[in-house]
Amino acid sequence: MNKLSFDQLSALSDTARQSPRMRMNHNIHTELSDPVQRLSIAMEPDTYIRPHRHLQTWELLIALRGRFIVLTFDDHGVVIDRAVLGDSESVIETPVAGWHAVLSLDPNAVIFEVKQGPYMPFKEEDFAPWSPAADNENHKALMSWYRHADIGQQWPGC
């Protein structure tokens, strides 16, 4: 039986705060080749989740601790859906090939992710072409925009 204790969530959050990316994951699945990927991800508010999509799978998100803004976009970067996971919503599923991004609102927040495997590393084409890369300082402006972005709005940087 696999378990994930509250103490493990706290330790994962501690590790995330020490990480340059301000996030850290703990896999429940045992192999990257597993047909179902299941992982908890500790995410601090300063971590950048670049808008991306998974061409081969849906993605299910559950808030274990804290709140997260989850945005979905059309191909041009217009917000087509918005939710606050852990507040107004408890579970969100993004469809196959749906552009999406996540923003942690709270310190020590942990999200649980489930998607079809095997694990596939991101390629540049998996990231929204209108979004800044993590090494581009404009990503901070995008993250700030996430907080207030509403359905029908487009990031001004597009």
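A brief report on the enclosed structure follows. Bear in mind the structure is a predicted one, so any value in this text is a computation, not a measurement.

1. Considerations on the environment of leucine 64
Part 1 of the argument: One can find leucine 64 in strand β3 (residues 59-65).
Part 2 of the argument: The sequence separation of leucine 64 and serine 10 amounts to 54 residues, and the corresponding C-alpha distance is 11 Å.

2. What to know about the environment of glycine 66
Part 1 of the argument: As for its placement among the helices and strands, glycine 66 is situated in the loop between β3 and β4 (68-73).
Part 2 of the argument: Given the relative accessible area of 28%, glycine 66 is considered partly exposed.
Part 3 of the argument: For the pair glycine 66 and histidine 54, spaced 12 residues apart in sequence, the C-alpha separation works out to 24 Å.
Part 4 of the argument: Excluding residues within four positions of it along the chain, glycine 66 makes contact with Leu85, Gly86, Asp106 and Ala109.

3. Quick notes on the pairing of β3
On a regular strand, one side chain projects to one face of the sheet and the next to the other, so that they alternate.
Part 1 of the argument: Bridging between β3 and strand β6 (residues 91-94) involves four bridges; their strand directions are antiparallel. Across the sheet, the residue bridging to leucine 61 is isoleucine 92, located in β6.
Part 2 of the argument: Pairing of β3 with strand β8 (residues 109-116), which is carried by six bridges, proceeds in the antiparallel orientation. Counted as the bridge partner of alanine 63 is isoleucine 111 from β8.

4. What to know about the sheet that holds β4
Two strands in a sheet stick together by hydrogen bonds in their backbones, pointing the same way (parallel) or opposite ways (antiparallel).
Part 1 of the argument: Pairing is antiparallel in the open sheet, where three strands are placed in the order β5-β4-β7. On the outer flanks of this sheet lie β5 (79-85) and β7 (99-104), each paired with one strand and no other. For this sheet, the mean angle separating the axes of adjacent strands, direction not counted, is 15 degrees.
Part 2 of the argument: Of the pairings in the sheet, the one linking β4 to β5 comprises six bridges and is antiparallel in character. Paired with phenylalanine 73 across the two strands is valine 79, which belongs to β5.

5. With respect to the packing of aromatic side chains
Part 1 of the argument: In the structure shown here, the tally under the stated rule is two aromatic pairs.
Part 2 of the argument: With centroids separated by 5.0 Å and ring planes inclined at 65 degrees, the aromatic side chains of phenylalanine 73 and tryptophan 130 adopt a geometry described as edge-to-face. Linking phenylalanine 73 in strand β4 with tryptophan 130 in the loop between β8 and α2 (138-146), this pair joins segments that are 57 residues apart in sequence. Across the pair, exposure class does not vary: phenylalanine 73 and tryptophan 130 are buried alike.

6. Focus: unusual backbone geometry
Part 1 of the argument: Following glycine 117, the chain continues into proline 118 via a peptide bond in cis, with omega recorded as 0 degrees.
Part 2 of the argument: One can find proline 118 in the loop between β8 and α2.
Part 3 of the argument: Positive phi outside glycine occurs at alanine 97, with the angle close to 70 degrees.
Part 4 of the argument: Secondary-structure assignment places alanine 97 in the loop between β6 and β7.
Part 5 of the argument: For alanine 97, a relative accessible area of 31% translates into the label partly exposed.
Part 6 of the argument: Phi at asparagine 108 is positive, roughly 65 degrees, even though this residue is not glycine.
Part 7 of the argument: Classification of asparagine 108 by relative accessible area gives partly exposed; the value is 31%.

The rules behind the values
- Residues numbered from 1 in each chain as written.
- Predicted model: local features only at pLDDT ≥ 70, side-chain atom pairs only at ≥ 80, totals over all residues.
- Heavy atoms only, no water.
- Helix = DSSP H or I, 4+ residues; strand = E, 2+ residues; numbered from the N terminus.
- Buried < 20%, exposed > 50% of the residue type's maximum accessible area, 1.4 Å probe, protein only.
- Contact = heavy atoms within 4.5 Å.
- Pairing = 2+ DSSP bridges.
- Axes fitted to C-alpha atoms, helices over the stretch in contact; angles between N-to-C directions.
- Phe/Tyr/Trp six-rings, centres within 6.5 Å; stacked < 30°, edge-to-face > 60°.

So, to be careful, I would describe these as geometric facts and stop short of saying anything about function.
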